[in-house]
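# A look at the structure
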Amino acid sequence: YDKSKTGTLYALRSECGRYVKVGISNIPSRRHKELERSTPFKFNLVEQISGDGAKIAELEKYLHNKYERAGFTGFDGCTEWLICTPELLEELRNLGD
């Protein structure tokens, strides 16, 4: 991830609805394809916001520090999955406002 370039923060929700992955990428379409191959369950994109790469990285760090991790291991991006809560979903929805 290059903070000097435009960044995208994305939120993916597991099909079961219990988990949300918050991640960042400079090329989100490519990252989503990588995650589809490596994640052992299906998910859907729920939110996405692009902007200044450094600010996007700070936003990701803030969300990861605020919300509880799902505790997954063993696959690409596993540490970025969080327990889905109404508060987290509301905060993600408000990002684009």
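In this report, we go over the structure that sits alongside the text. (Residues numbered from 1 in each chain as written. Predicted model: local features only at pLDDT ≥ 70, side-chain atom pairs only at ≥ 80, totals over all residues. Heavy atoms only, no water.)

With respect to the helices, strands and loops of the structure, Gly7 is situated in strand 1 (residues 7-14). Taking relative accessible area as the criterion, Gly7 reaches 0% and is therefore assigned buried. For the pair Gly7 and Ile24, spaced 17 residues apart in the sequence, the C-alpha separation amounts to 6.7 Å. Leave out the neighbours within four places in its chain, and Gly7 touches Tyr1, Ser25, Asn26, Ile49, Ser50, Gly51, Asp52, Gly53 and Ile56. (Helix = DSSP H or I, 4+ residues; strand = E, 2+ residues; numbered from the N terminus. Buried < 20%, exposed > 50% of the residue type's maximum accessible area, 1.4 Å probe, protein only. Contact = heavy atoms within 4.5 Å.)

Our focus in this paragraph is helix 3 (residues 86-94). Those residues of helix 3 not exposed but buried are Leu88, Leu89, Glu91 and Leu92. The arc enclosing the buried residues of helix 3, seen along the axis, measures out at 165 degrees, which places them on a common side. The secondary structure elements touched by the buried residues of helix 3 are strand 1, strand 2 (19-25), strand 3 (43-51), helix 2 (53-66) and strand 4 (81-83). (Arc of directions from axis to C-beta.)

Attention shifts here to the side chain of Thr39. Tracing the backbone shows Thr39 in the loop between helix 1 (28-38) and strand 3. A polar contact of 2.8 Å, which involves the side chain of Thr39, links it to the backbone oxygen of Leu35. (Polar contact = N/O pair within 3.5 Å; in protein donor to acceptor, adjacent residues only side chain to side chain.)

As for its placement among the helices and strands, Glu80 is situated in the loop between helix 2 and strand 4. Side chain to side chain, Glu80 and Lys21 meet in a polar contact 2.2 Å long.

Quick look at the packing of aromatic side chains now. Using the criterion set out here, one finds seven aromatic pairs in the structure. When the centroid spacing of 6.1 Å and the interplanar angle of 85 degrees are considered together, the rings of Phe41 and Phe75 count as edge-to-face. A residue pair is termed long-range when its members are at least 10 positions apart, and Phe41 in the loop between helix 1 and strand 3 and Phe75 in the loop between helix 2 and strand 4 qualify at 34 residues. On the basis of relative accessibility, which here comes to 24%, the residue Phe41 falls in the partly exposed class. Plain terms: the ring middles of Phe72 and Phe75 are 5.9 Å apart, the flat faces sit at 45 degrees to each other, and that makes the pair tilted. (Phe/Tyr/Trp six-rings, centres within 6.5 Å; stacked < 30°, edge-to-face > 60°.)

A few words on the sheet that holds strand 2. Here four strands make up an open sheet; going across it, the order is 3-1-2-4 and the pairing antiparallel. Of all strands in the sheet, those bounded by a partner on one side alone are strand 3 and strand 4. The sheet shows a mean angle of 25 degrees between the axes of neighbouring strands, taken without regard to direction. In this structure, strand 2 lies alongside strand 4, joined through three bridges in antiparallel fashion. By the bridge assignment for strand 4, Tyr19 is matched with Ile83. (Pairing = 2+ DSSP bridges. Axes fitted to C-alpha atoms, helices over the stretch in contact; angles between N-to-C directions.)

Shape is all these values report; function is a separate question.
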